[in-house]
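This is what each chain is made of:
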Amino acid sequence: MPIPVLTIDGPSGAGKGTVSRLVAKKLGWNYLDSGSIYRSLAIALQQTSAGLKNVTEIVRVAQAMALDFECGDELIVKLNGEDITGRLGLESTGSAASQIAALPEVRRVLLQKQQDFRRLPGLVADGRDMGTVVFPDAENKVFLTASAEKRAERRYKQLMEKEIDVNLAELIKEIDARDRRDMEREAAPLAMAAGALYIDTSDMTINAVVEEVLNLIR
Ligand code: DC
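What you see is a predicted model; the values in this text were computed from it and never measured. Along each chain, residue indices are assigned from 1 in the same order as the chain's sequence is written. Where local features are concerned, this predicted model is filtered to residues with pLDDT of at least 70; where side-chain atom pairs are given and counted, the filter is 80 or more; whole-chain, interface and lining totals use all residues. No hydrogens and no water enter the side-chain calculation; it runs on all heavy atoms of the structure.

## Quick notes on the packing of helix α2 (residues 34–46) against helix α5 (residues 91–101)
Note on method: axes are straight lines fitted to C-alpha atoms, helices fitted across the in-contact stretch only, with angles between N-to-C directions ranging 0 to 180 degrees. Numbered from the N terminus, helices here are DSSP runs of H or I no shorter than four residues, and strands are runs of E no shorter than two. Between α2 and α5, whose axes approach to 8 Å, the crossing angle comes to 100°. Viewed along their axes, α2 and α5 adopt a mutual orientation that is roughly perpendicular. Contact with α2, carried on its side by Y38, R39, L41, A42, I43 and L45, involves T93, G94, A96, A97, I100 and A101 of α5 and no other residues of that element. Residues that form the contact of α2 with α5 fall into these classes: nine nonpolar, two polar and one charged. What sets the label is the angle itself: under 35 degrees gives roughly parallel, over 145 gives roughly antiparallel, 65 to 115 gives roughly perpendicular, and the rest give oblique. Residues are treated as being in contact if the distance between any of their heavy atoms lies within 4.5 Å. Gly is put with the polar residues, along with every residue not named as nonpolar or charged; the nonpolar set is Ala, Val, Leu, Ile, Met, Phe, Trp, Tyr, Cys and Pro, and the charged set is Asp, Glu, Lys and Arg.

## A short note on unusual backbone geometry
The linkage connecting L120 with the following residue, P121, adopts the cis geometry, with an omega of 5°. By the secondary structure assignment, P121 is in the loop between α6 (104–115) and β6 (123–127). The phi dihedral of A188 is positive, around 45°, even though this residue is not glycine. Within the secondary structure, A188 is located in the loop between α9 (168–184) and β8 (197–200).

## Digging into the site of the ligand
Throughout this document, a residue counts as near a molecule or strand when at least one of its heavy atoms sits within 4 Å of that molecule or strand. Close to the ligand lie 15 residues, the nearest being R39, R107, R128, R178 and D182. Within the side chain of R107, a nitrogen or oxygen atom sits 2.8 Å from an oxygen atom of the ligand. Accessible surface area values rest on a Shrake-Rupley calculation with a 1.4 Å probe, where residue burial reflects the displayed protein chains alone. Relative to its unbound accessible area of 450 Å², the ligand is 94% covered by the protein chains. Secondary-structure elements contributing two or more residues to the shell around the ligand are α2, α5 and α9. Looking at the shell around the ligand, its residues break down into four nonpolar, four polar and seven charged. The term polar contact refers here to a pair of N or O atoms within 3.5 Å; inside protein, the definition further demands a hydrogen-donor-capable atom paired with an acceptor-capable atom, and it admits residues adjacent in sequence only when both atoms are side-chain atoms.

## Quick notes on helix α3 (residues 55–64)
Looking at α3, one finds that the buried residues are I58, V59, V61 and A62. In an axial view of α3, the angular spread of the buried residues amounts to 160°, which keeps them on one side of the axis. Seen from the open side of α3, the exposed residues pointing more than 90 degrees away from its buried face are T56, Q63 and A64. Summarising the contacts, the buried residues of α3 are in contact with α2, α5 and α6. In this scheme, a residue with accessible area under 20% of its type's maximum is buried, one over 50% is exposed, and one in between is partly exposed, where area comes from a 1.4 Å probe on protein chains only. Each C-beta atom gives one direction from the helix axis, and the arc is the one those directions make.

## Let's talk about the nonpolar core
Take the buried residues of types Ala, Val, Leu, Ile, Met, Phe, Trp, Tyr and Cys, join any two whose side-chain atoms come within 4.5 Å, and each joined set is a nonpolar core. If you look at the biggest cluster of nonpolar residues, it comprises 33 residues, and the most contacted ones within it are L32, L41, L45, I58, L110, L123 and F135. If sequence neighbours within four positions are ignored, F135 has contacts with V5, T7, L32, Q114, Q115, R118, L123, A125, M130 and K141. Of all hydrophobic cores here, the second largest spans 16 residues; its members include V19, Y31, L144 and I199.

## So, the pairing of β6
Most of β6 is tucked away: five of the five residues are buried. Burial along β6 is two-sided: L123, A125 and G127 facing one way and V124 and D126 facing the other are all buried. When DSSP finds at least two bridges between two strands, those strands are taken to pair. When strand β1 (residues 5–9) meets β6, the two strands line up parallel, connected through five bridges. Counted as the bridge partner of V5 is L123 from β6.

Given below as structure tokens:
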């Protein structure tokens, strides 16, 4: 029997992170926040002179980076031993992550790192291509989305809670550009996997979404 996987894909601000963490906790399963791997690479690159376009150098940094995830109430991420959790959530980090995520060579290097999270008793994997590319054989797949306004509003609240200063109009523009890039790229674009359960979370509470996802597993 393969180790069970539940994939949750969708655009930014759809609620993937919150829902995935709660579902993983209820099931007692492991959790993969695949976006944080791309975000960590974006931060690793800031510490080099590679920039976001030098593919050979980016691949070298991706292969060399040592990541450590501590999944408590909040996800703590260490890059080569240094706690980078605070910088991970910045929209500038998300934007850089989206740019390097468009490079097929980068996706290839990070594939195994993501698949390594598939451990017993099961895995909840959140991202853009979890159901289509990384875990195509997953038993259960979900596609979460919400209106552009709701997604921007949620990201805004999240950043304010973390005391990260943002301008809502700027944020809407940045998220829109990021989502468009993630959907239009050739390598593993954001797309709904065949057979995935589609949930529009615009007018739903977090608990209602969690229940709907859990019903799929039960
Ligand atoms: O989920 P997130 O906002 O943390 O992801 C940041 C960026 O990383 C996202 O804009 C695109 C990229 N990403 C990806 O290409 N594939 C994934 N499975 C997860 C994230």
